[in-house]
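Understanding the architecture of this molecule
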Amino acid sequence: MGQDLTIVMYHYVRDFARSRYPDIKGLDVAGFRRQLDHLTSRFQIVRMEDVIDAVRGTNELPPDAALLTFDDGYADHFDVVFPILHDRGIQGSFFPPVAPVRDGTLLDVNRVHYILASTDDPAPIAATIDEAVEASQENADVQTVADYRAAWAHPNRFDDAETIYIKRMLQTALPVDLRESVARDLFARFVSVDEATFAAELYMTRDQARHMVRSGMYFGSHGTSHVWLNHADDATRRTEIDGSLDFLAELGMPTEDSWVMCYPFGGWDAELANLLREYHCTVGLTTRVATAKIGVDDPLALPRFDTNDFPQ
Ligand SMILES: [Zn+2]
């Protein structure tokens, strides 16, 4: 039972024919238009305010309701997505972390995407990582190259072994200080020596976000610095939430009695949800793949589909 809600998650949406980085994994603008044609023929696209009302039991969703969500605050979302949605009278829900949009910080997750997209041959990138590991063997937290490769260099259905090895080493396997310094070095060598300018081009600005809010788009929290909130301590969780609520208030979004959390990396647990309830958060979006059932699912842990789950 419950009211069905199909939530779709998007990241990069751009004109890949004109992109300097055609190997970035994302949705082409033509595919986005086709997907909207498909979704609007099968579903009724609702506003986030409709979902909040349904969660509160003050209104019901239409049958075949769908909601469109856009993570990470990319400039794509202002340049490409916003005009298309605005033309069609559809609301999108956007979740920019604070740091890239307000402070121009490049997110770790994006640094790794562009390092991998900078070349067809992952071998020199993996070799650079291995050199850094060998040069850090006196650090007790650093394992040997052989151990790391045995643990992480395994292909999956999307990526070959070298690519997976690079991703896992830079995302999680290496101690945080080492992986940040290695990722910065790789970015400077393979992508750009000017990270600040790169970040300014990658993310939307605060003024653009304000403009989108004034035009009826919905903005919610994606944390401040895009960390795994379920793995963070209580003080970090509160800092991340407080910072993002201040930012949403600056954009003109309500933050007092209803707002939406989109968990970075989908990182969610029950304790985090309890903290969010203290903050009057109404809806939480995860990356579990399913149709959301309003009235059945915990509203602070609603599942989402990926754009790749639908025709493009
Ligand atoms: Zn994200």
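See the structure printed just above.
Residues numbered from 1 in each chain as written. Predicted model: local features only at pLDDT ≥ 70, side-chain atom pairs only at ≥ 80, totals over all residues. Heavy atoms only, no water.

Here's the deal with the environment of Glu 162
Here is the rule: Going along the chain from the N terminus, every DSSP run of H or I of four or more residues is numbered as a helix, and every run of E of two or more is numbered as a strand. Whether two residues touch is decided by their heavy atoms; if any such pair falls within 4.5 Å, the residues are in contact.
As for its position among the elements, Glu 162 is in helix α8 (residues 161-173). In sequence terms Glu 162 and Asp 23 are 139 residues apart; their C-alpha atoms lie 16 Å from each other. Those residues in contact with Glu 162 that sit more than four places away from it in its chain are Pro 122, Ala 123, Ala 126 and Arg 149.

Some remarks on unusual backbone geometry
The following threshold applies: A 1.4 Å probe rolled over the protein chains alone gives each residue an accessible area, and that area as a share of the maximum for its type sets the label: buried under 20%, exposed over 50%, partly exposed in between.
Of note in this structure, Asp 64 is not a glycine but carries a positive phi near 60°. Tracing the chain through its elements places Asp 64 in the loop between α2 (48-56) and β5 (65-71). You will see that His 226, though not glycine, has its phi angle at about 60°, which is positive. Structurally, His 226 is set in the loop between β7 (218-219) and α12 (234-251). On the basis of relative accessibility, which here comes to 9%, the residue His 226 falls in the buried class.

A word on the packing of aromatic side chains
We count it as follows: Side-chain rings of Phe, Tyr and Trp, where Trp is taken by its six-membered ring, are said to pair if the distance between their centres is within 6.5 Å; with planes under 30 degrees apart they count as stacked, over 60 as edge-to-face, and otherwise as tilted. Ring-over charges, as used throughout, are those where CZ of Arg or NZ of Lys falls within 6 Å of the ring centre and within 35 degrees of the ring normal.
Enumeration according to the criterion identifies 16 aromatic pairs in this entry. With a centroid separation of 4.8 Å and an interplanar angle of 80°, the aromatic rings of Tyr 114 and Phe 198 are classed as edge-to-face. Here Tyr 114 is found in helix α5 (residues 108-117), whereas its partner Phe 198 is found in helix α10 (residues 195-202), with 84 residues between them in sequence. An aromatic cluster is built from Tyr 12, Tyr 21, Tyr 74, Tyr 114, Phe 187, Phe 198 and Tyr 203, whose rings are joined through pairwise contacts. For the cation-ring pair, Arg 149 lies above Tyr 165, with the distance from its terminal atom to the ring centre recorded as 4.2 Å.

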